[in-house]
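Structural characterization, general
Below, each chain spelled out in residue letters.
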Amino acid sequence: MGILSLPQLLLFQLILLLSLNVSWAGSDSAPDQDFVQCLLSHSQPSHPISEAIYTPNNASSYSSVLRSYIRNLRFNTCSTPKPFLIVTPLHESHVQQAIVCAQKQNLLMKIRSGGHDYEGVSYVSEVPFFLLDMFNLRSIDIDISSETAWVQAGATLGELFYRIYEKSKIHGFPAGVCPTVGVGGHFSGAGYGNLMRKYGLSVDNIIDAQLMDVHGRLLDRKSMGEDLFWAITGGGGASFGVVIAYKINLVRVPQTVTVFRVERTLEQNATDIVYRWQYVAPKLDTDLFIRLTMEVVNITGGPLSTGGENYKTIRASFIGFFLGNSERLLSVMETGFPELGLKQSDCIEMSWVESVLFWTNFSIGTEPEALLSRKPQVLVHLKRKSDYVKTPIPKIGLMWIWQKMIEFEVPIMTFNPYGGKMSEIPESATPCPHRAGNLWKIQYATNWEVSGAEASDYHLNLTRKLYFYMTPFVSMNPREAYFNYKDLDLGINNNGKASYFEGRAYGIRYFKDNFHRLVRIKTEVDPGNFFRNEQSIPTLP
């Protein structure tokens, strides 16, 4: 098919509009019709928006687009509220049209980049809404000469890592290790990875951005001003506009890095090793990051003294990443953490891009092209919560935690160590305040495969119970939480008259004192609170 002339294009759009009107005839969806008409009338001939519009009347394509980026099966059910329309921008002008027309019709817009938000906030709502899905805007422009890159919001971390690898074997970027996470949400919410002790968070390495504001203006850092730029580098972009792209500084990595995974059960002295990890992990060489994951496992055939019966125990997994070869790593470990007993046979040397695959649980030898896949390795129902720890947990406390974990069986806890670069950056440098004073961050993770409300309630309750029992060991006043581990248990904003006070409930926990600056900026740039969701930044009352 050739390029349409302007008259042909207008006729095509008119036919589309009429077909939509026929499909919706007899319904109460007049505002939806007006919205589509507005989108089409504002469409640029050079970039028609008609191809970016999906409605439930086109059942197969609409359903495919909607479900493609649902990463939590809790929100992939028949009863889950769904958008009345999906717009998948193919050009920046489509974002502008969606913002302008949605305001004219007073419609709620949800913004999705990768769908990994744990509570489905980017694509679920109890009130009527449409979805702006950014997955088509995913270009990545790497400039090795300046060690920078422009990355559009719809790109995934895996695509970014692969494009860096294509251009250089000695560059990387400090972001998460899950390759299907969307750049837009991950960056704007202060995403982190195993380079954070060396280079900080993703937002600590962002130097420019493109944002479509509430007026439909495409702004860069200079035109938006430092306040708004600050807000969208850690405070979540969806409260302030639609982030189109970020410009980032690449970081240097050696050609050879080393990874390891060492597992110890309680019977293999895990309690003493975990106790020691608390003191050393935040203080080790900044080239070294050791994640600690604890889970309940079944031991088949216990010791004869117990009759050889099966029993449950805790398995502690120490997953390491080191910016250097195994010889230097072993030297660092012998000096700083000999209790783990790391051996040469535990160490695997590889390139940085291969280490990303290792940390994502791909098998050794998987080709880097696997990072380009947008399909997650697994899809499950899930719940996540978070905490920050400022004081080491005593051994008696650890043993009590093991007891509770064995009682609950399913929830897993992951400790990610801080220190290094994270302790050097002031709390107010970005909206993410969790810096010096934190030893590590906890992620509570519960996954299940059975569908239905009963299974969901059961597993949600298990996660909340473990979180409750951890209260004595974590931060307080406020009990801090990580914004990118979205948790609606901390509060929901109904965006009504009480919006500010509802927002403060979770905002202080995510952002501490930085919340007040975020509210002031939000009030200035979006006084009508157009960009809103269940945990967005509110305006001043």
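Criteria and thresholds
What you see as residue numbers is a count from 1 along each chain, following the sequence as written. Residues qualify for local features only when their pLDDT is at least 70, as the model is predicted, and side-chain atom pairs are given and counted only at 80 or more; totals for whole chains, interfaces and linings, by contrast, use all residues. Hydrogens and waters are ignored; side-chain quantities use all the structure's heavy atoms. Only DSSP runs of H or I reaching four residues or more are called helices, and only runs of E reaching two or more are called strands; each is numbered from the N terminus. As defined in this context, the radius of gyration uses C-alpha atoms, and a globule is described by 2.2 Å times the residue total to the power 0.38. By definition, residues are in contact when any of their heavy atoms lie within 4.5 Å. Values of accessible area rely on a 1.4 Å probe in the Shrake-Rupley scheme; residue burial ignores everything except the protein chains shown. Charge counting follows a simple rule: Lys and Arg are positive, Asp and Glu are negative, and His as well as the terminal groups are ignored. In this description, the location of a charge corresponds to atom NZ of lysine, CZ of arginine, CG of aspartate or CD of glutamate. Cavity means a closed set of points on a 1 Å grid over the protein atoms alone, one where a 1.4 Å probe fits but cannot get out, pocket means an open set with protein on both sides within 12 Å along at least 5 of 7 lines, and lining means a residue has an atom within 4 Å of a point. Grid points are joined across faces, edges and corners, and a volume is the space filled by probe spheres set on the points. Note on residue categories: nonpolar means Ala, Val, Leu, Ile, Met, Phe, Trp, Tyr, Cys or Pro, charged means Asp, Glu, Lys or Arg, and polar means any other residue, Gly included. Pairing between two strands requires that DSSP report at least two bridges joining them. Criterion for a salt bridge: a side-chain nitrogen of Lys or Arg within 4 Å of a carboxyl oxygen of Asp or Glu. Exposed residues in this analysis have more than 50% of their type's maximum accessible area, buried residues have under 20%, and partly exposed residues fall in between, with area computed by a 1.4 Å probe over protein chains only.

Moving on, we get to the overall build of the chain. Across its full length, the chain carries 16 helices and 18 strands. The globule rule puts the C-alpha radius of gyration for 541 residues at 24 Å, and the 24 Å found for the chain is close to it. Over its C-alpha atoms, taken along the principal directions, the chain stretches across nearly 80 × 55 × 45 Å. Sequence separation of at least 24 residues holds for 73% of the intrachain contacts in the chain that already meet a minimum separation of 6. Accessible surface, the chain: about 22,100 Å² in total, of which carbon and sulfur atoms supply 53%. Treating the 50 positive side-chain charges of the chain as one cloud and the 51 negative ones as another, the clouds have centres 3 Å apart.

This part is about the layout of surface pockets. Here the second largest pocket defines a volume of roughly 720 Å³. The wall of the second largest pocket is formed by 35 residues, among which Val124, Ser125, Glu126, Leu488 and Glu534 lie closest to the centre. Mapped by element, the contributors of at least two residues to the lining of the second largest pocket are strand S3 (108-112), strand S16 (381-389) and helix H14 (453-469). Ranked by residues supplied to the lining of the second largest pocket, first place goes to H14 with four residues. Residues that form the lining of the second largest pocket fall into these classes: 13 nonpolar, 13 polar and nine charged.

This paragraph deals with the sheet that holds strand S1 (residues 53-54). As a general point, the strands of a sheet are linked pairwise by backbone hydrogen bonds and lie either parallel or antiparallel. Here we have four strands laid out as an open sheet, ordered S1-S2-S4-S3, and mixed in their pairing. The open sheet has two edge strands with one neighbour each: S1 and S3.

Within the secondary structure, Ile206 sits in strand S8 (residues 206-212). Each C-alpha atom of the pair Ile206 and Thr233 lies 7.5 Å from the other, and the pair is 27 residues apart in sequence. Setting aside its immediate chain neighbours within four residues, Ile206 contacts Phe187, Phe229, Thr233, Tyr246, Lys247 and Ile248.

As a further point, take empty space enclosed by the protein. In this structure the tally under the stated criterion is three cavities of 30 Å³ or more. In this structure, the largest cavity occupies an estimated 70 Å³ of space. Around the largest cavity, the lining residues are Phe161, Phe173, Ala175, Gly176, Val177, Asn194, Leu195, Phe321, Trp352, Ser355 and Val356. Here the element with the most residues in the lining of the largest cavity is helix H12 (residues 352-359); it accounts for three residues. In this structure, the second largest cavity spans a volume of roughly 50 Å³. In terms of lining residues, the second largest cavity is bounded by Tyr165, Ser168, Lys169, Ile170, His171, Ser351, Trp352 and Val353. When its residues are assigned to classes, the lining of the second largest cavity shows four nonpolar, three polar and one charged.

Applying the stated criterion across every chain, the model contains 34 salt bridges. The partner of Asp346 in a salt bridge is Lys343, with the nearest N and O atoms 3.9 Å apart. Its salt-bridge partner being Lys383, residue Asp487 comes within 2.9 Å of it at the nearest N-O pair. One end of the pair, Asp487, is in the loop between H14 and helix H15 (499-511); the other, Lys383, is in strand S16, with 104 residues separating them in the sequence. Accessibility classification places Asp487 together with Lys383 in one group, the buried group. The structure contains a network of salt bridges with shared partners spanning Arg74, Glu119, Lys383, Lys385, Arg464, Asp487 and Asp489.

Without other data, these values stay purely geometric and don't point to any function.
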